[in-house]
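Here is what each chain is made of, one letter per residue.
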Amino acid sequence: MFEKEQQQLENFIETNDLKVTYLLNTHLHLDHQFGNHFVASKYGVLPLASKEDEPLVNSLAEQAALFGLSRFKMESQQLGGYLEDGQILSLCGTVCHVIATPGHSPGGLCFYFPEEKVLFSGDTLFAGGIGRTDVLRGDFRQLLKSIHQRLLVLPDDVVVYCGHGPHTMIGHERIHNLYLN
C-alpha cells in the first residue's frame with residue numbers, strides 16, 4: 001500500500017469516526033493483500049481470509065515478481081484467523097454472510113449483506129466479466145460453478161461491488177455477462 005493510499009485510508013477512517021474491527025480479504029492475491037500489513041500495524045487488526053488461500057501470504061515476493069512488481073516494497077502479514085463458507089459475521093449492527101467462491105483462487109470468498117442487498121465479490125465476478133484463472137492456482141470450471149451456484153442465486157437487485165472496475169447487479173450479470181451464458 002503506497003503512502004498516499006495509507007493517508008487516504010487514515011483520513012477516511014478518522015473523518016467518519018470509524019473503528020476498525022475486521023480486516024476481511026476476499027482472496028490473497030498480492031493486489032488484495034497490499035494493505036494488510038499497514039492496517040494490522042496501524043489499527044491492531046489482523047487479516048481474515050480462507051485457509052485455502054493462506055499459502056499466498058507467504059508467496060508475496062513471488063507474486064510480485066510474476067507481475068513485474070519486485071521493485072515495490074511489500075510486507076506480508078500473517079492471518080489472524082480464517083473465514084469459512086456459511087459463517088455469519090455481525091458488523092456494525094448488520095449481518096454479513098461469508099460465501100465461498102473458489103476458482104479465481106482456491107480460497108476465494110464473497111461477502112453478502114442481505115439486508116442491504118450488497119455483495120462484495122472480490123475478483124470472482126465483475127461487471128461483464130469474471131476473475132482470471134490463468135495464474136496463481138486458478139480453476140476456470142470451478143469459478144463458473146461458484147458463480148452459478150453461489151452468486152447467481154441471489155436476488156436480481158443485489159448490488160455487486162467488484163474487486164476492480166465498476167459495480168454491477170446480480171440480475172444484470174445473469175442476463176448480460178457473456179461468460180455466464
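Overview of the structure. Computed from a predicted structure; not experimentally measured.

**Let's talk about the pattern of salt bridges**
Pairing of side chains with opposite charge becomes possible as their charged atoms draw close. Going through the model one piece at a time under the given rule, you end up with five salt bridges. Notably, a salt bridge pairs D134 with R132, separated by 2.9 Å at the nearest N-O pair. Note on D134: relative accessible area 56%, which makes it exposed. Relative accessible area serves as the criterion here: at 45%, R132 is assigned to the partly exposed category.

**Describing the packing of aromatic side chains**
Per the counting criterion, the structure on display carries two aromatic pairs. Taken together, a centroid distance of 5.9 Å and an interplanar angle of 85° make the contact between F113 and F120 edge-to-face. What makes F113 buried here is its relative accessible area of 11%. Here F120 falls in the partly exposed class, since its relative accessible area comes to 37%. Linked through ring pairs, F113, F120 and Y161 together constitute an aromatic cluster.

**As for unusual backbone geometry**
One non-glycine residue, C92, lies in the positive phi region at around 50°. For C92, a relative accessible area of 82% puts it in the exposed group. In this structure, K117 is a non-glycine residue whose phi angle is positive, near 55°. Within the secondary structure layout, K117 lies in the loop between β6 (109–113) and β7 (118–122).

**Notes on the sheet that holds strand β4 (residues 88–91)**
One open sheet holds the six strands; their spatial order is β4-β5-β6-β7-β10-β11, and the pairing between them is mixed. A strand with exactly one partner marks an edge of an open sheet, and here the two such strands are β4 and β11 (168–169).

**Considerations on the side chain of E173**
Its location among the elements puts E173 in helix α6 (residues 170–176). Despite being buried, E173 has no salt bridge partner; R174 is the closest side chain of opposite charge, sitting 11 Å away. Setting aside residues no more than four positions away along its own chain, E173 makes contact with L125, F126, A127, G128, G129, T168 and L180.

**Description of the sheet that holds strand β1 (residues 23–24)**
One open sheet holds the three strands; their spatial order is β1-β2-β3, and the pairing between them is parallel. The outermost strands of the open sheet, each flanked by one partner alone, are β1 and β3 (81–82). With two bridges connecting them, β1 and strand β2 (residues 47–49) associate as parallel partners. Counterpart to L24 in the pairing with β2 is L48.

**Remarks on helix α5 (residues 140–151)**
The first and last C-alpha atoms of α5 sit 16 Å apart over 12 residues, in line with the 16 Å expected at 1.5 Å per residue. Looking at the buried side of α5, the elements it contacts are β6, β7, β8 (125–126), β9 (129–130) and α6. N-cap assignment for α5: the residue whose side-chain oxygen lies 3.2 Å from the backbone N of R141 is D139.

**Section: the nonpolar core**
L119, L125, I147, L151, L154, I170 and L180 are the most contacted members of the largest nonpolar core, which totals 18 residues. Every element with two or more residues in this core is listed here: β6, β8, α5 and β10 (159–162). Take this core: its biggest share by element is four residues, from α5. In contact with L119, not counting residues within four places along its chain, are I99, C110, F111, Y112, L151, L154, V158, V159, V160, Y161 and I170. Among the nonpolar cores identified, the runner-up in size contains 10 residues, and C96, V98, F111 and F113 belong to it.

About the criteria used
- Residues numbered from 1 in each chain as written.
- Predicted model: local features only at pLDDT ≥ 70, side-chain atom pairs only at ≥ 80, totals over all residues.
- Heavy atoms only, no water.
- Salt bridge = Lys/Arg side-chain N within 4 Å of Asp/Glu carboxyl O.
- Buried < 20%, exposed > 50% of the residue type's maximum accessible area, 1.4 Å probe, protein only.
- Phe/Tyr/Trp six-rings, centres within 6.5 Å; stacked < 30°, edge-to-face > 60°.
- Helix = DSSP H or I, 4+ residues; strand = E, 2+ residues; numbered from the N terminus.
- Pairing = 2+ DSSP bridges.
- Lys, Arg positive; Asp, Glu negative; His and termini not counted.
- Contact = heavy atoms within 4.5 Å.
- Expected span 1.5 Å × (residues − 1).
- Polar contact = N/O pair within 3.5 Å; in protein donor to acceptor, adjacent residues only side chain to side chain.
- Core = buried A, V, L, I, M, F, W, Y, C linked by side-chain atoms within 4.5 Å.

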